[in-house]
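Next come the chains, spelled out residue by residue.
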Amino acid sequence: MLAWLSRSSDAAATAAGASLWAPFIKPPDDSRIMMRWWWFGPAVANQELEREIRAMKEAGIGGFEIQPVYPREMDDPARGIRNLAYLSDGFLDALRFVNQKTQEMGMRLDLTLSSGWPYGGSLVPITQAAGMLRVVAVPIPGTDNSVAAPSLEAGESLIAAWAMPGDHLRFPKSSAQQLDDLSGVRVMVPDRRQFRAVLFFISSRTGMQVKRPAVGAEGFVIDHYDAAAIGAYLRSTGDRLMQAFSGKPPYAVFSDSLEVYGSNWTPDLLAEFHRRRGYDLKPHLLALVGDAGETTLAIRCDWGRTLTELANDHYLAPLREWADRNGTRLRCQAYGEPPVTLSSNRLVDLPEGESPDWRGFSPARWASSACHLYGKPVASAETWTWIHSPAFRATPLDLKAEADCDFLQGINQIVGHGWPYSPPEAGEPGWRFYAAGALNDHNPWWPVMADLALYLQRMCFLLRQGKPANDVALYLSNSDAWAQFTANSNPSVNGVLAMLLGKNILGHILDAGFNFDFIDDEAIDLVGIPYAALVLPGVERIPLAACQKVREYALHGGVVIAARVIPQLAPGLLEGRRDSPKVRALSRELFEGQNARGLLVQNEAALGAALTSKLTPDVELNAEAPEIGFIHRKLDEGHLYFLANTGNKAHDVEATFRVKQLSPERWDPFTATKSAVRWKCTDDGRTAVTLHFEPYESAVLMFSSSPSASAPAPARARRRSVPASVDLSRGWKVTFTGTGKSIQMDRLRPWTELAGLRFFSGQGVYEKAVSVPESMLNSGAKVYLNFGKGVPIEPHHRQNGTQAWIESPVREAAVVYVNGQRAGSVWRPPYELEITEWLHTGANAFRVVVGNLAINSMAGRSQPDYRLLNLRYGKRFDPQDMENLQPVPSGLLGVVTLIAR
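Owing to the predicted nature of the structure, the values given are computational and were not obtained by experimental measurement.

Draft legend 1. Molecular detail of the overall build of the protein chain. Across its full length, the protein chain carries 19 helices and 47 strands. Along the first, second and third principal axes, the C-alpha set of the protein chain runs to 105 × 80 × 50 Å. Out of the 901 residues in the protein chain, the part that is buried amounts to 61%. When contacts within the protein chain are restricted to residue pairs at least 6 apart in sequence, those whose partners lie at least 24 apart make up 79%. Carbon and sulfur atoms form 49% of the exposed surface of the protein chain, whose accessible area is close to 34600 Å². Across the protein chain, 92 positive and 96 negative side-chain charges occur, with their mean positions spaced 2 Å apart.

Structure, rendered in structure tokens:
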């Protein structure tokens, strides 16, 4: 067995808390979450910019990424609203001011090198705009032997044409005839009787415009395959932006989603293709639009690979070099279109993903896998995009639930999506982005944001420690993805791979007790296969070099499992002809016969059993709970596990960890406290831990040789007698801030049922004197203020984003003060707070400040009319799900109890 596959006992490990406990309590600032800061217009003013930076810092947010986007309002001198043109002197002055304040406050500033996305704008000429292959079919008139050549627009050129026997694209290749003379306004067709149409291939432009641009940033998206286009863009836009930073560059520059839809061509692609693939693509262009025979998929594979190489060489590499020259880093969402691959992230300083789908094919895991493979310690995720729409509907629990799903995928830097800049002139709750996230201090629940942010900061810190410990590498066949590209489809490697993998195979790995990373050919070539097992999911094509390394890996003890089929082909036309027989021979050697080192699982539902027959699960749950995921970090001095219940029901499980001869303890990222857990050694020496998970609850388990956790927990002692609980559900005085309204609430009920408060958004202050008996404090028990149980609700399909499917007894967050001291906040299950240290015998003053959602006030008024704005600037956004706003219940809704436990 390879050395890196061994699972040592780590019996000599020192206490895990020795080096991590102190920074866990007070984690470093660089692990704080960030926010995407939308500047609308941008209509920004220094006073409000500084106020919002300070508000972020006070809430525990460590920095922001500036993203100028579309205007929300027209210039209005009477209200002091003025949209600064993108790249104007005024806009650069705003950047300069913010950079100065950020430096003074010790925060991080990232800058998007564009307005909106993808890169482009008003300075991009049509000759450097995103390219595409345009295919035009022209019928041949009944009596003519020629057709008119297509009219060409600026930025276009005619590449080739074929006379076609019919108007469909399933044809014997020999029946189509390439036409040589394309110089005239009409193109001659030989032997009119054989052909029905002429198919023209044109090097064209997509015409795609920058999405959500600021004023002055409108224009074409650049050609991401053209080195001259990215060079010109960096000179005109990047260098101009850097003038605002005068020797103090941003921490990182950012390239947002690669959503260059339909871009599959560039003017010099034929020359680049010939240089890289060794043959001329022009005679084979028909393969890109239809079935051109047995070589069709091989040619498409070569075409897709060439597009990927051009995107790497002509976009990502120059962008990284520019960032280096300017003393900053490149943070990039390297997935989507153009068809970059997992290993394209090696060209990026800070890979970033998105999507909380931890059991599916997610760009977040795509980014973290690249970080694990290429030794990049920080993997970030655009988090909370589209969360619980419409705008201002998201709760703190929604935010935690989604962030936990990112952590389960190996993410350790949260970039919140996002913070809308909103001046006082915008009123309440202010401006918001068209997508759901509106996560600023205009939310009435904002006083608990610092508690949530500290939890996220602690988790980001912990998940950067040690090394990733995922067992399984899931092989991504970029070649199979490229082979599916056609001229009329969007060229996305990760998009096609998600389809090829299907919806179930990832769940089979996770349910078997293993976590996984993605891996591809380039990573295998550069770093090998540093995992205990490699899974080939329905792979048809694999380069010979990668196949040979897989064989060597298996010969040295690595577990290799193929699902559905075994590889049969080498990718591409020339490479395929040369290497496919060798690939087939290696596959047969690996997976067939009595001496086969690999294992073929034709029914992928049996993949989990196949893995457990070869490897001991990292974490085995009894009872099974697919909603509970885990991520494992191997420390020099022990093991760290993060587990999260991603569902809306509680679970009691026994989790058996592969760790041996080390003792577990539970670290609480909210309270920064340690606690013992009940555990035992299994017959084979593993560690079984009894765990309870509330809905959406997470847990950190630290395994070490710490004396404080050196022995299994003793059998549970007989329960001591504790004082009876005290019902506090009646007799609260409730004051509604900003309204002058104060009522005596004999029984707890929603604010929406109170006269004049149906559309109230803000804070309700609950006050009550509570007599605490001496017996409760002298019993040795801990005393909790409990607000009741959450009620699970049936999940339903959401088009986008995350929602915690539970009705909370606290709507939506409460800050608890006991005798004038802040005791903590309540906004997540189990909806209780330990308050022992703040209590004394006799009368105690309780004050509970509850914040609801801003959506209630929005539901009570007409929504903005953007008619004139759209006439002035064009329609640049559609507000999401704002057509049927309804107020939601608010306040304390459960049974409030003082409990000794």
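Draft legend 2. Region of the structure containing a nonpolar patch on the surface. Together, Met74, Leu868 and Leu871 give the surface a local cluster of nonpolar side chains, amounting to about 290 Å² of exposed area. Along the chain, Leu868 turns up in helix H19 (residues 867-873).

Draft legend 3. Seen up close, the packing of helix H8 (residues 396-407) against helix H9 (residues 449-462). Relative orientation of the contacting elements H8 and H9 amounts to 5°, with a least axis distance of 11 Å. When the axes of H8 and H9 are compared, the pair comes out roughly parallel. On the side of H8, the interface is formed by Pro396, Leu399, Lys400, Ala403, Asp404 and Phe407, while H9 contributes Met449, Leu452, Tyr455, Leu456, Met459 and Cys460.

Draft legend 4. View of the pattern of salt bridges. For the coordinates displayed, the defined rule picks out 53 salt bridges. Note that Lys674 and Glu665 form a salt bridge whose closest N and O atoms lie 3.9 Å from each other. With a relative accessible area of 6%, Glu665 lands in the buried category.

Draft legend 5. View of the packing of helix H14 (residues 544-555) against helix H15 (residues 574-591). Look at H14 against H15: their axes get within 10 Å of each other, and the N-to-C directions meet at 20°. As far as their axial angle goes, H15 and H14 are roughly parallel. Crossing handedness for the pair H14 and H15: left-handed. Residue-level inspection shows Leu544, Cys547, Gln548, Val550, Arg551 and Ala554 of H14 in contact with H15, the latter providing Asp579, Lys582, Val583, Leu586, Glu589 and Leu590. Class assignment of the residues belonging to the contact of H14 with H15 gives a composition of seven nonpolar, one polar and four charged.

Draft legend 6. Inspection of the environment of Gly416 at higher detail. As for its placement among the helices and strands, Gly416 is situated in strand E18 (residues 413-420). With 312 residues separating them in the primary sequence, Gly416 and Glu104 have C-alpha atoms 22 Å apart.

Draft legend 7. Just the state of the cysteines, in detail. On inspection of all chains with the given rule, the structure shows zero disulfides. Unpaired in this structure, Cys332 has its nearest cysteine sulfur neighbour in Cys371, at a distance of 12 Å.

Draft legend 8. Looking closely at the nonpolar core. Counting 259 residues, the largest nonpolar core has Trp37 and Trp39 as the members making the most contacts within it. Looking at this core, the element that brings in the most residues is helix H6 (residues 296-325), giving twelve residues. In contact with Trp39, other than residues within four places in its own chain, are Val44, Leu49, Ile66, Gln67, Pro68, Val69, Phe91, Ala94, Leu95, Val98 and Tyr421. Counting residues in each nonpolar core, the second largest holds 20 residues, with Phe630, Phe657, Trp679 and Val689 among its members.

Draft legend 9. Expanded view of the confidence of the model for the protein chain. Per-residue confidence for the protein chain gives a mean pLDDT of 94, with 96% of residues at or over 70. Taken as a whole, residues 1-14 scores under 50 in pLDDT and shows 30 contacts with residues more than four places along the chain or in a different chain.

Draft legend 10. Up close: the sheet that holds strand E25 (residues 619-622). In spatial order, the strands read E25-E28-E32-E31; together these four strands make up an open sheet with antiparallel pairing. The open sheet terminates on both sides in strands that have one partner only, identified here as E25 and strand E31 (679-681). Strand-to-strand twist across the sheet, computed as the mean angle between neighbouring axes with direction ignored, equals 25°. Strand direction decides the pairing type here: strand E28 (residues 651-657) and strand E32 (residues 687-693), joined by seven bridges, are antiparallel. Looking at E32, one finds that Thr656 is bridged to Ala688.

Draft legend 11. Structural context of the pairing of strand E35 (residues 732-736). Here E35 shows a buried face lined by Trp732, Val734 and Phe736 and an unburied face lined by Lys733 and Thr735. Direction of pairing for E35 relative to strand E36 (residues 741-745): antiparallel, over a ladder of five bridges. Of the residues in E36, the one forming a bridge with Trp732 is Met745. In this structure, the hairpin formed by E35 and E36 is closed by a connection of four residues, where Gly738 is found at a positive phi of approximately 80°. Looking at chain direction, E35 and strand E37 (residues 763-772) are connected through four bridges and run antiparallel. In the strand pairing of E37, Thr735 is matched with Val765.

Draft legend 12. Region of the structure containing the pairing of strand E26 (residues 628-635). Extensive coverage of E26 is indicated by the burial of seven of its eight residues. Judged from the two bridges that link them, strand E19 (residues 467-468) and E26 form a sheet pairing that is antiparallel. What sits directly across from Lys467, in E26, is Lys634. Across eight bridges, E26 lies against strand E27 (residues 638-645) in antiparallel orientation. Within E27, the position partnered with Arg633 by the bridge is Leu640. Between E26 and the antiparallel strand that follows it, E27, lie two residues.

Draft legend 13. Region of interest: H9. Over its 14 residues, H9 extends 20 Å from the first C-alpha to the last, a length consistent with the 20 Å expected when each residue adds 1.5 Å. With eleven of 14 residues buried, H9 lies mostly within the body of the structure. Along H9, the residues that are buried comprise Met449, Leu452, Ala453, Tyr455, Leu456, Gln457, Arg458, Met459, Cys460, Phe461 and Leu462.

Draft legend 14. Structural detail: the environment of Ala609. Summarising the element assignment, Ala609 is placed in helix H16 (residues 607-614). Using a relative accessible area of 52% as the deciding quantity, one classes Ala609 as exposed. Distance in space between the C-alpha atoms of Ala609 and Ala512 is 7.1 Å, their sequence separation being 97 residues.

Draft legend 15. Molecular detail of the sheet that holds strand E29 (residues 663-668). What the six strands build is an open sheet, ordered E19-E26-E27-E33-E29-E30; its pairing is antiparallel. The outermost strands of the open sheet, each flanked by one partner alone, are E19 and strand E30 (673-676). Contacting E26, E27 and strand E33 (698-704), H8 crosses the sheet at an angle of about 140° to E27.

Draft legend 16. The arrangement of the packing of aromatic side chains in detail. Considering all chains together, one arrives at 36 aromatic pairs under this definition. Pairing Trp386 with Tyr434 gives two aromatic rings, centres 5.6 Å apart and planes at 85°, and the pair type is edge-to-face. Within this pair, whereas Trp386 is found in the loop between strand E17 (380-383) and H8, its partner Tyr434 is found in the loop between E18 and H9, the two being separated by 48 residues in sequence. Taken together, a centroid distance of 6.4 Å and an interplanar angle of 50° make the contact between Tyr421 and Trp431 tilted. Within this pair, whereas Tyr421 is found in the loop between E18 and H9, its partner Trp431 is found in the loop between E18 and H9, the two being separated by ten residues in sequence. On the basis of relative accessibility, which here comes to 1%, the residue Tyr421 falls in the buried class.

Calculation criteria
- Residues numbered from 1 in each chain as written.
- Predicted model: local features only at pLDDT ≥ 70, side-chain atom pairs only at ≥ 80, totals over all residues.
- Heavy atoms only, no water.
- Helix = DSSP H or I, 4+ residues; strand = E, 2+ residues; numbered from the N terminus.
- Buried < 20%, exposed > 50% of the residue type's maximum accessible area, 1.4 Å probe, protein only.
- Contact = heavy atoms within 4.5 Å.
- Areas by Shrake-Rupley, 256 points an atom, 1.4 Å probe, with all protein chains shown as cover.
- Lys, Arg positive; Asp, Glu negative; His and termini not counted.
- Charge placed at Lys NZ, Arg CZ, Asp CG, Glu CD.
- Patch = residues over 30% accessible without salt bridge, like charges linked within 9 Å, V, L, I, M, F, W, Y side chains within 5 Å.
- Salt bridge = Lys/Arg side-chain N within 4 Å of Asp/Glu carboxyl O.
- Axes fitted to C-alpha atoms, helices over the stretch in contact; angles between N-to-C directions.
- Parallel < 35°, antiparallel > 145°, perpendicular 65-115°, else oblique.
- Left-handed = near helix turned anticlockwise from the far one by under 90°.
- Nonpolar A, V, L, I, M, F, W, Y, C, P; charged D, E, K, R; others polar.
- Disulfide = S-S within 2.5 Å.
- Core = buried A, V, L, I, M, F, W, Y, C linked by side-chain atoms within 4.5 Å.
- pLDDT = per-residue confidence, 0-100.
- Pairing = 2+ DSSP bridges.
- Expected span 1.5 Å × (residues − 1).
- Phe/Tyr/Trp six-rings, centres within 6.5 Å; stacked < 30°, edge-to-face > 60°.

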